[in-house]
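As a plain string of letters, each chain reads:
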Amino acid sequence: MLLTSLAFVAGVIALARRQALAKELATVELLARVDMLCLDKTGTITTGDISFGTAVPLGDNTEADVSAALGAVAANDPNPNPTMEAVGGTFPAPTGWEVAASEPFSSARKWSATEFVRRGTYYFGAPDILFDDDDVDERREAAHEAAQGRRVLLLTHSPEPLNGQRLPAQRNPVALVLLEDTVRPDAPEILRFFAEQGVQLKVISGDNVATVAAVAERAGIPASATSIDARSLPEDNQDGLATVLETTTVFGRVTPHQKRAMVGALQSRGHVVAMTGDGVNDVLALKDSDMGIAMGSGSSASRGVAQLVLLDNRFATLPEVLAQGRKVINNIERVSNLFVSKAAYAVLLTILVGIQRVEFPFLPRQLTLIGTFSIGIPGFFLALAPEVDLVRPGFLRRVLWFSVPAGVAAGSATLAAYEAALNVAHLEVDEARTLATVTLLS
């Protein structure tokens, strides 16, 4: 227990020096066992900084109309998210726009709404949800922009008053808003590292699937990776969901509850799942995953439920976490080989001495000497030795396969030397015990 705890503590300290906060000692080894890494796009693969690209007027709307509407919507959002902050930083708030009612953005329905006095209601959010079926050309243009890796949002207008969380039947597209995500410079290298280590990657996001796929490709996910819109995933069939997850890499338009269901479906197939995220919409999945990884700049809720928090938001810290986990697991296996070998020869000697009815070959002080130089001191250094080999299943089987034969051999050689000293050389018991001690230490 001492050496195991010491190995974990050393790992936690090593991670803390790299600005990675491990909430539990076991966190150190969790990532080393993970075989499925689910990545939220925003704030994980990308930096989380959203820059405004451009606004494309639709229909008969002019640039002045678009600028006024976007400025009013952004200025009157009581809790602006990074997207709305990027829009508000580009378009100034117009005068004379009085708010009658508003509906905040929801990651489940993918839009927000603001009703203005005598100006109708403006809806702002995902194009594939806000477009009418008749907006064929506009849909095609939005899909083209999304395929280029841009985040595409739609501003649409309705003359009807705001009706809670319901979309009105009549909606007129006003403008496409194009935003840019910045891929972390170290993301391609880190994702390639995990792929080489046999960890499967799943990119999960609430954005348009074409945008997510394009960003994933820029981050190093192969262009041939399959992608799917999460709205087409089976809702109440965990086995069917798991089958889709096994063969698909990129998922778009994923709701918070779907992220949680995805984690559960993968776990049902025997996978050890890690989930990264930084927003409130990731909390459910972070909590249910085997290892939740949150960014330091993320929401307090995501940091609260995660087992590991990257305080400096450096995605490049994860390989070090993996290395520390491998070090702990492999070194504890080595230490276990020593201790279980000791238990094996101790049990063997106890049984044989009892059968033969001879004095035990060791005194307590000799056992202390043996334990110190053959178990304690070597175990201390083995527990802290550098080790980055892959973690293989079958820990107990390998330990027993090594320790039992080693313990039997050591115990048999010790008892043979002890019996020879007593019955062949006719030495005193104290001298025979000294010979047994030297034999076992050798």
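Anything mentioned here points back to the structure above.
Presented here is a report on the structure given in the accompanying data block. (Residues numbered from 1 in each chain as written. Predicted model: local features only at pLDDT ≥ 70, side-chain atom pairs only at ≥ 80, totals over all residues. Heavy atoms only, no water.)

**Quick look at the environment of Asp35**
Where we set the bar: For helices the rule is a DSSP run of H or I covering at least 4 residues; for strands it is a run of E covering at least 2, with both sets numbered from the N terminus onward. When checking whether two residues touch, look at their non-hydrogen atoms; a contact exists if any pair is within 4.5 Å.
Within the fold, Asp35 resides in the loop between helix H2 (27-33) and strand S2 (36-40). In this structure the C-alpha to C-alpha distance between Asp35 and Ala72, which are 37 residues apart in sequence, comes to 47 Å. In this structure Asp35 touches Gly198, Val199, Gln200, His271 and Val272, once residues within four positions along its chain are discounted.

**What about the pattern of salt bridges?**
What counts is decided by this rule: For this analysis, a salt bridge means a side-chain nitrogen from Lys or Arg found within 4 Å of a carboxyl oxygen belonging to Asp or Glu. For each residue, the accessible area found with a 1.4 Å probe, counting protein chains only, is set against the maximum for its type, and the residue is called buried under 20%, exposed over 50%, and partly exposed in between.
In the structure shown here, the tally under the stated rule is 17 salt bridges. The salt bridge partner of Glu103 is Arg109, with a shortest N-O separation of 3.5 Å. The buried category is assigned to Arg109, whose relative accessible area is 15%. The partner of Glu145 in a salt bridge is Arg150, and the shortest N-O contact between them spans 2.8 Å. The class for Glu145 is buried, based on a relative accessible area of 14%.

**With respect to the packing of helix H10 (residues 238-247) against helix H11 (residues 256-268)**
Filter applied, for reference: Axes, fitted as lines to C-alpha atoms, cover a helix only where it is in contact. Angles between the N-to-C directions of the axes lie from 0 to 180 degrees. Here roughly perpendicular refers to angles of 65 to 115 degrees, roughly parallel to angles under 35, roughly antiparallel to angles over 145, and oblique to all remaining angles. Classes in brief: Ala, Val, Leu, Ile, Met, Phe, Trp, Tyr, Cys and Pro nonpolar; Asp, Glu, Lys and Arg charged; the others, Gly included, polar.
Here H10 crosses H11 at 85°, and the two axes come no closer than 8 Å. On the basis of their axis angle, the class for H10 and H11 is roughly perpendicular. Residues Gln238, Leu241, Ala242 and Leu245 of H10 lie in contact with H11, whose contacting residues are Ala261, Met262, Gly264, Ala265, Leu266 and Ser268. Taken together, the residues of the contact of H10 with H11 break down into seven nonpolar, three polar and no charged.

**Re the pairing of S2**
This is how it is decided: Any two strands are treated as partners once DSSP identifies two or more bridges connecting them.
Extensive coverage of S2 is indicated by the burial of five of its five residues. As paired elements, S2 and strand S9 (residues 200-204) share five bridges and run parallel to each other. Of the residues in S9, the one forming a bridge with Leu39 is Val203. Bridge count between S2 and strand S12 (residues 273-277): four bridges; the pairing is parallel. Pairing of Cys38 across the sheet is with Met275, part of S12.

**Topic: the layout of surface pockets**
How we decide: Cavities and pockets were defined on a 1 Å grid built from protein atoms only: a cavity is a group of points that admits a 1.4 Å probe but offers it no way out, a pocket is an open group of points flanked by protein on both sides within 12 Å along at least five of seven lines, and a lining residue is one with an atom within 4 Å of any such point. Grid points are joined across faces, edges and corners, and a volume is the space filled by probe spheres set on the points.
Put simply, the largest pocket is a space of about 1,000 Å³. Around the largest pocket sit 38 residues that line it, and Asn81, Pro82, Phe105, Arg151 and Asn281 are the ones nearest its centre. Elements supplying a minimum of two residues to the lining of the largest pocket: strand S3 (46-57), helix H5 (82-88), strand S4 (99-106), strand S6 (120-125) and strand S7 (151-158). Split by residue class, the lining of the largest pocket holds 13 nonpolar, 16 polar and nine charged. Here the second largest pocket is characterised by a volume of approximately 240 Å³. Taken together, 14 residues line the second largest pocket, and the ones lying closest to its centre are Leu338, Tyr345, Ser374, Ile375 and Leu440.

**Brief notes about the sheet that holds S4**
A sheet is described by the order of its strands in space; here six strands give the open sequence S3-S8-S7-S6-S5-S4, paired in antiparallel fashion. Edge positions in the sheet fall to S3 and S4, since each has one partner strand and no second. Here the average twist between neighbouring strands, direction ignored, is 20°. Pairing of strand S5 (residues 111-116) with S6 involves six bridges; the strand directions are antiparallel. Its bridge partner being in S6, Ala113 is matched across the sheet by Tyr123. In this fold helix H4 (residues 63-75) packs onto S3, S5, S6, S7 and strand S8 (172-183), with an angle of close to 145° to the strand it touches most, S3. Strand contacts of helix H7 (residues 136-147): S3, S7 and S8, with the helix running at about 5° to S8, the strand carrying the most contacts.

**Regarding the environment of Leu179**
On the secondary structure map, Leu179 appears in strand S8. Relative accessible area serves as the criterion here: at 0%, Leu179 is assigned to the buried category. Not counting residues up to four positions away in its chain, the partners in contact with Leu179 are Ile50, Ser51, Phe52, Gly53, Thr83, Ala86, Arg150, Arg151 and Leu153.

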